[in-house]
Amino acid sequence: MKPALSIVKIGGNVIENEKELTRFLKLFARIPGPKILVHGGGKKATAMSEKLGIKTTMVLGRRITDKPSLEVAVMIYGGQVNKTLVASLQALKCNAIGLSGADAGIIRAVKRPVESVDFGFVGDIVSVHTEPLSLFLQHTMVPVFCALTHNGEGQLLNTNADTIASELAIALSKEFTTTLYYCFEKSGVLSDISNDNSVIPHINKQTYFSLLKEQTIADGMLPKLENCFYALDHSVHKVCIGNTQMLVPQATNFTTLTL
């Protein structure tokens, strides 16, 4: 039987809320067995860009990453946010190690092809090199990934953190029974976006298609769910969506997705 691995992705709203982040890190540190943390930091990057007089451009909810924006992303994602999380986890006796996709050549990507929009230095993942990760996990280290990858030719690329978490879970599913957790500000996938208590506890593919047909799922959740089912279709064991409380042992108020 394969050992269990937990991969947890936290969004900007958790990172921005000091109280929520402290609670999350304590819960994350207590997760038994091998685990990986993946984080973004878009809100902090936007705030720093404003301070530096660098314009932030969004198209279809996605950030355009020109050269100055990439420099800010590297500074904030790979620097301030990543190292602060690592230091906080070390204080909780969780042996965290901060990584980008470039470290040990773990996550390689290509610059997103220009179609109707040029997203700039945004990366689409092409491969995950699991050997170094397996070594870290075997030595009870806890990788903490920021939302940066590389192209193998010296170029760093801004890459969606949800996608990084999903691709890591898929690649490591050969060695582990992987569970992917998406931690954000809502309690789970909601049947009524205005009612935080309307959590749908379990969604399988059949339920998912029914919810799409009924247009029950809010637009912002659609890309996340597409990502989730892509992971499940590629050997990830299960995916959980909810707020930080879903990491509490015996918690039930969150959404679990399975095939």
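One can find the structure itself at the top, above this paragraph.
Quick caveat, the model's predicted, so the values are computed rather than measured. (Residues numbered from 1 in each chain as written. Predicted model: local features only at pLDDT ≥ 70, side-chain atom pairs only at ≥ 80, totals over all residues. Heavy atoms only, no water.)

1. Quick look at the overall build of the chain
What the chain contains, in helices and strands, is eight helices and 14 strands. Rg of the C-alpha trace for the chain: 18 Å, near the compact-globule value of 18 Å for 259 residues, within the 12% margin. By principal-axis analysis of the C-alpha atoms, the chain measures approximately 45 × 40 × 35 Å. Here the chain holds 259 residues, and 49% of them are scored as buried. (Helix = DSSP H or I, 4+ residues; strand = E, 2+ residues; numbered from the N terminus. Rg over C-alpha atoms; globule rule 2.2 N^0.38 Å. Buried < 20%, exposed > 50% of the residue type's maximum accessible area, 1.4 Å probe, protein only.)

2. Details of the layout of surface pockets
Unfilled space is identified by rolling a water-sized probe across the atoms. The computed volume of the largest pocket comes to approximately 1500 Å³. Around the largest pocket, the lining is made up of 49 residues, and of these Lys9, Gly61, Asn160, Asp162 and Lys224 lie nearest the centre. Listed by contribution, the elements that provide at least two residues to the lining of the largest pocket are β1 (4-10), α1 (12-16), α3 (42-51), β4 (62-63), β7 (123-128), α6 (161-172) and α8 (222-233). Broken down by element, the residue count for the lining of the largest pocket peaks at five residues, all from α8. Residue composition of the lining of the largest pocket, grouped by class: 18 nonpolar, 18 polar and 13 charged. Here the second largest pocket defines a volume of roughly 300 Å³. If you go around the second largest pocket, you meet 20 residues; those closest to its centre are Ser6, Ile31, Pro32, Tyr181 and Leu247. (1 Å grid on protein atoms, 1.4 Å probe; cavity = no way out; pocket = protein on both sides within 12 Å on 5 of 7 lines; lining within 4 Å. Points joined across faces, edges and corners; volume = space filled by probe spheres on them. Nonpolar A, V, L, I, M, F, W, Y, C, P; charged D, E, K, R; others polar.)

3. As for the side chain of asparagine 158
Considering the arrangement of structural elements, one finds asparagine 158 in strand β10 (residues 156-158). Taking relative accessible area as the criterion, asparagine 158 reaches 9% and is therefore assigned buried.

4. Topic: the packing of α3 against helix α4 (residues 67-91)
Where α3 meets α4, the closest approach of the two axes is 9 Å, and the angle between their N-to-C directions is 125 degrees. One element, α3, and the other, α4, form an angle in the oblique class. The element α3 and its partner α4 pack so that their crossing is right-handed. Here Gly42, Lys44, Ala45, Met48 and Ser49 of α3 come into contact with α4, specifically with Val72, Met75, Ile76, Tyr77, Gln80 and Val81. Its residues assigned to classes, the contact of α3 with α4 shows seven nonpolar, three polar and one charged. (Axes fitted to C-alpha atoms, helices over the stretch in contact; angles between N-to-C directions. Parallel < 35°, antiparallel > 145°, perpendicular 65-115°, else oblique. Left-handed = near helix turned anticlockwise from the far one by under 90°. Contact = heavy atoms within 4.5 Å.)

5. Looking at empty space enclosed by the protein
As enumerated under the stated definition, the model contains one cavity of 30 Å³ or more in all. Size it by volume and the largest cavity reaches roughly 40 Å³. Along its surface, the largest cavity is lined by Ala45, Ser49, Thr56, Arg63, Ser69, Val72 and Ala73. Looking at the lining of the largest cavity, the elements that each hand over two or more residues are α3 and α4. Examining the composition of the lining of the largest cavity, we find that three residues originate from one element, α4, more than from any other.

6. Examining the nonpolar core
With 74 residues, the main nonpolar core has Ile7, Phe24 and Ile36 as its most contacted residues. If one sorts the elements of this core by residue count, α4 sits on top with eight residues. In this structure, isoleucine 36 is in contact with Leu5, Ser6, Ile7, Val8, Phe28, Leu133, Leu137, Pro143, Phe145, Leu168 and Leu172, ignoring residues within four places of it in sequence. (Core = buried A, V, L, I, M, F, W, Y, C linked by side-chain atoms within 4.5 Å.)

7. Remarks on the sheet that holds strand β2 (residues 35-39)
Sheets are built from strands that pair by backbone hydrogen bonding, the pairs being arranged parallel or antiparallel. Spatially, β5-β8-β2-β1-β11-β13-β14-β12 is the arrangement adopted by the eight strands of the open sheet, whose pairing is mixed. Either end of the sheet is taken by a strand with one partner, and the two such strands are β5 (96-99) and β12 (202-203). In this structure, strand β11 (residues 177-183) lies alongside strand β13 (residues 238-242), joined through five bridges in parallel fashion. By the bridge assignment, threonine 179 is partnered in β13 with lysine 238. (Pairing = 2+ DSSP bridges.)

8. Here we look at the side chain of serine 134
Along the polypeptide, serine 134 turns up in helix α5 (residues 130-138). Dropping the residues within four chain positions of it, serine 134 is found in contact with Leu172 and Glu175.

9. Looking at the packing of aromatic side chains
The full count for this structure, using the stated rule, is three aromatic pairs. A ring pair is formed by tyrosine 208 and phenylalanine 209, whose centres lie 5.6 Å apart and whose planes are at 40 degrees; its orientation type is tilted. Note on phenylalanine 209: relative accessible area 49%, which makes it partly exposed. Note on tyrosine 208 and phenylalanine 229: the rings are 4.6 Å apart at their centroids and 25 degrees apart in plane angle, and the pair reads as stacked. With tyrosine 208 in helix α7 (residues 205-214) and phenylalanine 229 in helix α8, this pair connects stretches of sequence that are 21 residues apart. For the residue pair tyrosine 208 and phenylalanine 229, the accessibility class agrees, reading buried in each case. The rings of Tyr208, Phe209 and Phe229 are connected pair by pair, giving a single aromatic cluster. The cationic tip of lysine 224 hangs over the ring face of phenylalanine 184; the distance from NZ or CZ to the ring centre is 5.6 Å. (Phe/Tyr/Trp six-rings, centres within 6.5 Å; stacked < 30°, edge-to-face > 60°. Lys NZ or Arg CZ within 6 Å of the ring centre and 35° of its normal.)

These results come straight from atomic positions and should not be treated as a statement about function.
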